[in-house]
Amino acid sequence: MSTQTETTFQSIISHAKEYGFVFPSSEIYDGLSAVYDYGPYGSELKKNIRDYWWKSMTQMHENIVGLDAAIFMHPTTWKASGHVDNFSDPMIDNKDSNKRYRVDHLIEAKAEQLALEGKKEEEFAILKSMDELLAADDYVGLKKLIDDNKIVCSISGTANWTEIRQFNLMFSTEFGAISSDNPDDNKVYLRPETAQGIFVNFLNVQKTARMKIPFGIAQTGKAFRNEIVARQFIFRMREFEQMEMQFFVRPGTEGEWYKFWKEERLKWHLSLGLPTEKYRYHDHVKLAHYAKEACDIEFEFPFGFKEVEGIHSRSDFDLTQHQTYSKKKQQYFDNDIDEATGKPYGNYVPYVVETSIGLDRMFLLILSNAYEEEVIPKEDGTNDSRVVLHLPTKLAPIKLAILPLTKKDGLPEIAKELMDGCRAYFHCFYEEKDAIGKRYRRQDAIGTPFCVTIDHQTKEDNTVTIRYRDSMQQERIAIDKVKDLVLKEIF
């Protein structure tokens, strides 16, 4: 990361705290590493992103329904899913600093350094080698790649490394109050993903919602991973929220549905007015144990292109595994006619195409893209400045700020009457303290798209001044037109 982008990213983190978007968790006790709390405006922005995703999935698609599964699941769930045996990251320790690194992060940091030095070919070569070695689970080769490139610990400055080994990322805890000589008797896991709650409820949902394949099940919720190297603010945390949709399809059609959802999900991102040039697809070289095809939708954050959403063709792995471990059939009877045989397709275990997006990462994406330190030329030749969040109107925590010019002459009463007429439809904010310019700047900083000022002319002709955040342009409109103007922009 260049010095300039590092400075920008630090400014975003500071802004998020100062204006009530994100706070370090347990800050009065010096915080808890890689755990964060969402403040008044952050919790509202996060909810708006979640609601926009939920509506796009369950309301705008007639064959997708919702689910809210429990965080705790029977421990055999995670044995069947492969998480107990396979949910691990290759780690390496520096013997001098005792600091542990994820191997891919360590090598990626070296690649970023090479890029900053203008060594593009070397950057490409080391990343290509890493992908190939990870795909082959070649830990000896990865260790040699680290040694050959003289990659050192950022703390000790030495290359005194241990061998590479796997580290399971699941959190475990005890379930119930009965103690046991064998701790595994009561062991349960905090779910590392929300998908398994969907799979074990596949038939419950299909039957009760009367769904016909192809259909999807959507879910949002918390997941937990014991990340050794949690970094980059809320991008990689130990407690995070996912928005996942599992789409169940007839075997043999998964390829076309994978392509469909790959394109459909990028359209969703762009529907928020986000810049196309900051997005790209990244096809996986190393596939997960369940995957036939997989790609990431990546966004260019201040710290480079990183994954925001994954699209995975999971085959019938999950349902088949749960069928095997639970001894209960996870099959669907398809009475549509197979043109090749002239008979119904009959019973089969459906294949699955997954879309999985990190809500916290999407939050950071929206915040990073919206943040601007803007220089404003003044008429006298000098410059003014403001920090503004160009948040998509439909996601902004506050849609309308209502600002009486003074605290007297009946202006607050008119302002509160307007607020009472709008607050049932969208979030409003009322403020009468400080000069109007200062109030505008505060609203710019939290991303409020519209500010309405009630002044003495309002008493004469029932018009107000509406100010637009992005252009800072102002115009007079009738006070009874304000609600409809904002609603038009939201929907």
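Bear in mind the structure is a predicted one, so any value in this text is a computation, not a measurement.

We now examine the pairing of strand 15 (residues 343–348). Examined bridge by bridge, strand 14 (residues 332–338) and strand 15 share five bridges and lie antiparallel to one another. Across the sheet, residue aspartate 334 finds its bridge partner in strand 15, namely glycine 346. Linking two consecutive strands that pair antiparallel, namely strand 14 and strand 15, is a turn of four residues; a positive phi of about 75° is found at glycine 342 within it.

Most of strand 19 (residues 400–404) sits out of view: five of its five residues are buried. The alternating pattern of strand 19 places Leu400, Ile402 and Pro404 and Ala401 and Leu403 on opposite faces, both of which are buried. Pairing analysis gives three bridges linking strand 19 to strand 20 (residues 428–430), with the strands arranged parallel. Across the sheet, the residue bridging to leucine 400 is cysteine 428, located in strand 20.

What the three strands build is an open sheet, ordered 5-4-6; its pairing is antiparallel. Each having just a single partner strand, strand 5 (100–102) and strand 6 (165–168) make up the two edges of the open sheet. Here the strands of the sheet are splayed against their neighbours by 50° on average, with no regard to which way each runs. In this sheet, strand 6 lies alongside strand 4 (residues 88–93) in antiparallel orientation, the contact comprising four bridges. Considered in strand 6, the bridge of serine 88 is made with asparagine 168. Along the sheet face, helix 5 (residues 103–116) touches strand 4 and strand 5 and points at about 80° away from the line of strand 5.

Time to look at helix 6 (residues 120–135). Relative to the 22 Å expected for 16 residues at 1.5 Å per residue, helix 6 spans 23 Å between its end C-alpha atoms, a close match to the ideal helical length. All buried positions along helix 6 are accounted for by Glu123, Ile126, Met130, Leu133 and Leu134. Looking straight down helix 6, one finds its buried side chains confined to an arc of 110°; they lie on one side. Facing away from the buried side of helix 6, by more than 90 degrees, are the exposed residues Lys120, Glu121 and Phe124.

A few words on the environment of tyrosine 52. Among the structural elements, tyrosine 52 can be located in helix 2 (residues 40–59). Separated by 342 residues in the primary sequence, tyrosine 52 and lysine 394 have C-alpha atoms spaced 8.4 Å apart.

What follows deals with the state of the cysteines. For the coordinates displayed, the defined rule picks out zero disulfides. A disulfide-free cysteine, cysteine 451 has its sulfur positioned 11 Å from the sulfur of cysteine 428, the nearest such atom. A relative accessible area of 1% means that cysteine 451 is categorised as buried.

Turning to the packing of helix 5 against helix 6, a few remarks are in order. It is at 8 Å that the axes of helix 5 and helix 6 come closest, and there the two elements cross at 165°. For the element pair helix 5 / helix 6, the angle class is roughly antiparallel. As helix 5 runs across helix 6, the sense of the crossing is left-handed. Residues Asp104, Ile107, Glu108, Lys110, Ala111, Leu114 and Ala115 of helix 5 lie in contact with helix 6, whose contacting residues are Lys120, Glu122, Glu123, Ile126, Leu127, Met130 and Leu134.

The next point concerns the packing of helix 5 against helix 7 (residues 139–148). Angle between the axes and distance between the axes are the two parameters that describe a pair of packed helices. Orientation of helix 5 relative to helix 7, taken along the N-to-C sense of each, is 30°, at an axis distance of 11 Å. In terms of orientation, helix 5 and helix 7 fall into the roughly parallel class. Between helix 5 and helix 7 the crossing geometry is left-handed. Of the residues in helix 7, those touching helix 5 at Val103, Leu106 and Ile107 are Leu142, Leu145 and Ile146.

The rules behind these values
- Along each chain, residues carry numbers from 1 onward, in the same order as the chain's sequence is written.
- Given that the model is predicted, a residue must reach a pLDDT of at least 70 before its local features are reported, and side-chain atom pairs must reach 80 or more before they are shown or counted; all residues, however, enter totals for whole chains, interfaces and linings.
- Heavy atoms throughout the structure, all of them, feed into the side-chain values; hydrogens and water do not.
- By this definition, two strands are paired if DSSP reports at least two bridges between them.
- Helix numbering and strand numbering both begin at the N terminus, where a helix is a DSSP run of H or I of at least 4 residues and a strand a DSSP run of E of at least 2.
- Burial status follows relative accessibility: with a 1.4 Å probe on protein chains alone, a residue under 20% of its type maximum counts as buried, one over 50% as exposed, and anything between as partly exposed.
- To get an axis, fit a line to the C-alpha atoms, keeping to the stretch in contact for a helix; angles then go from 0 to 180 degrees between the N-to-C directions.
- Whether two residues are in contact is decided by their heavy atoms: any pair within 4.5 Å suffices.
- The span one expects for a helix is its residue count, reduced by one, times 1.5 Å.
- As used here, the arc belongs to the directions running from the helix axis to the C-beta atoms.
- Sulfur atoms of two cysteines make up a disulfide when they are within 2.5 Å.
- For classification purposes, angles smaller than 35 degrees are called roughly parallel, those larger than 145 roughly antiparallel, those between 65 and 115 roughly perpendicular, and all remaining angles oblique.
- Definitions for this section: a left-handed crossing has its near helix turned counterclockwise from the far helix by less than a right angle. A right-handed crossing has that turn clockwise.

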